[in-house]
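Residue strings, one per chain:
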Amino acid sequence: MTVAALVVSHNRCDLLRKCLSALLAQTRPLDEILVVDNDSSDGSADMVRREFPSVTVVRSPTNIGGAGGFSLGVDTLLGHGHSFAWLMDDDAEPREDALEPLLSAMHATGDKPGFVASTVLAPDGTKIPSHIPLRIPVAENHGLPTPPDTYPAAHSTFVGVLINLETAGSTYLPIADFFIWWDDSEYTSRLQTLAGGLASTTSVVVHPNKPEWKDLGPRLRFDVRNRIWILKHRRLASARGRERAAEAFWTGIWAQAKNARRKDLFVRYLVQGLWEGVFTRPRPVLPARRTANDSPWTESGSRP
């Protein structure tokens, strides 16, 4: 059994350095650390090669977003033959003993869960609401046993979640077309429908508690479009994942309308997101080791 860490980074050299240092300090050493560099212009890739020679770097020639980076990284680690992938933002710092509880929970179930999520804390030690995995009844979790210090979880963010690559190899990759936002809850809820999911209360990853986006600006396009994609296409996410995507959809748009500094740009990004969400569809991509004939994407007119 081997476990690799996957970090997606874009122009955050100093934060990436701290993240990699924390990963290398784990009490259970990682078998590989993979950084997907999203065409950074701040020398991040060179810094990793110079200061962390044991770390593998895959550099995208363009910025493919967090979603594209995690999609590329998961596919790469599947090709490397690892058992598990530990996903991490470049501004996250796992505590030195954060990996061990995740692997313990995974092994206690016979390596069955699709994922085991970490507890994500702000630097002041408080929980970050947007990173708390939704607790679900045991009956919704494939009859998966619940080891000590864990609970059944519907989905997770990509901050410190341990992915079972055997499960990941049976479905398509994180949806790169999302670019940013909603790719994590969509993907992990899909893994949960296949094999169940757990959240650990003792594996801790520290992550900045970013202020609420009062004005999403151009990001509104991705927020609206990606939510609609999840709600439209039943092969995406799970019922719980769709509930999360629908949560506060219109009230959120109304709040954005009130807080937008440029109302004309708000209308442009909203219309763009609505149009793309309704009239386009994301392209699911299978892991490289699978073929189109294996695709679980069976909606009429769609293809991998």
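Residues numbered from 1 in each chain as written. Predicted model: local features only at pLDDT ≥ 70, side-chain atom pairs only at ≥ 80, totals over all residues. Heavy atoms only, no water.

Caption draft 1: Structural detail: a nonpolar patch on the surface. Together, Trp 275, Val 278 and Phe 279 line one region of the surface with nonpolar side chains, adding up to about 360 Å² of accessible area. Position of Trp 275 among the secondary structure elements: in helix H10 (residues 263-279). (Patch = residues over 30% accessible without salt bridge, like charges linked within 9 Å, V, L, I, M, F, W, Y side chains within 5 Å. Areas by Shrake-Rupley, 256 points an atom, 1.4 Å probe, with all protein chains shown as cover. Salt bridge = Lys/Arg side-chain N within 4 Å of Asp/Glu carboxyl O. Helix = DSSP H or I, 4+ residues; strand = E, 2+ residues; numbered from the N terminus.)

Caption draft 2: Just the side chain of His 131, in detail. If you trace the backbone, His 131 turns up in the loop between strand E6 (115-121) and strand E7 (150-152). Discounting chain neighbours no more than four positions away, the residues touching His 131 are Val 120, Thr 157, Val 159 and His 207. (Contact = heavy atoms within 4.5 Å.)

Caption draft 3: Seen up close, the pattern of salt bridges. Under the defined criterion, the tally for this structure stands at 18 salt bridges. Among the salt bridges present, the one from Arg 59 reaches Asp 39, with a minimum N-O distance of 3.9 Å. Of this pair, Arg 59 sits in strand E3 (residues 56-60) while Asp 39 sits in the loop between strand E2 (32-38) and helix H2 (44-51), and the two are 20 residues apart along the sequence. The structure contains a network of salt bridges with shared partners spanning Asp 14, Arg 17, Arg 50 and Glu 51.

Caption draft 4: Local environment of the pairing of strand E4 (residues 84-89). Here E4 lies mainly inside the structure; six of its six residues are buried. By the alternation rule, side chains of E4 split into Phe 84, Trp 86 and Met 88 and Ala 85, Leu 87 and Asp 89, which are all buried. (Buried < 20%, exposed > 50% of the residue type's maximum accessible area, 1.4 Å probe, protein only.)

Caption draft 5: Layout of the confidence of the model for the protein chain. Residues with a pLDDT of 70 or more make up 95% of the protein chain, whose mean pLDDT is 92. Segment residues 291-304: pLDDT under 50, and 31 contacts once partners within four positions in sequence are set aside and those in other chains are kept. (pLDDT = per-residue confidence, 0-100.)

Caption draft 6: Representation of the pairing of E3. Sheet topology note: the E2/E3 ladder contains five bridges and is parallel. Across the sheet, the residue bridging to Leu 34 is Thr 56, located in E3. Taking the sense of rotation as the criterion, the β-α-β connection linking E2, H2 and E3 turns out right-handed. (Pairing = 2+ DSSP bridges. Right-handed = clockwise from strand over helix to strand, strands pointing away.)

Caption draft 7: Region of interest: the nonpolar core. Membership of the largest hydrophobic core comes to 36 residues, with the highest contact counts inside it found for Leu 20, Leu 23, Trp 86 and Leu 162. Elements with a contribution of two residues or more to this core: strand E1 (3-9), helix H1 (13-24), E2, H2, E4, helix H4 (99-108), E6 and strand E9 (197-206). Residue contacts for Leu 162: discarding those within four places in its chain leaves Val 3, Phe 84, Ala 85, Trp 86, Leu 99, Leu 102, Leu 103, Met 106, Gly 114, Phe 115 and Val 116. Grouped together as the second largest cluster of nonpolar side chains are 24 residues, Leu 6, Leu 77, Ala 117 and Tyr 187 included. (Core = buried A, V, L, I, M, F, W, Y, C linked by side-chain atoms within 4.5 Å.)

Caption draft 8: Expanded view of H2. Residues of H2 that are buried: Ser 44, Ala 45, Met 47 and Val 48. Buried residues of H2 fall within an arc of 160° about the axis and therefore sit on the same side. (Arc of directions from axis to C-beta.)

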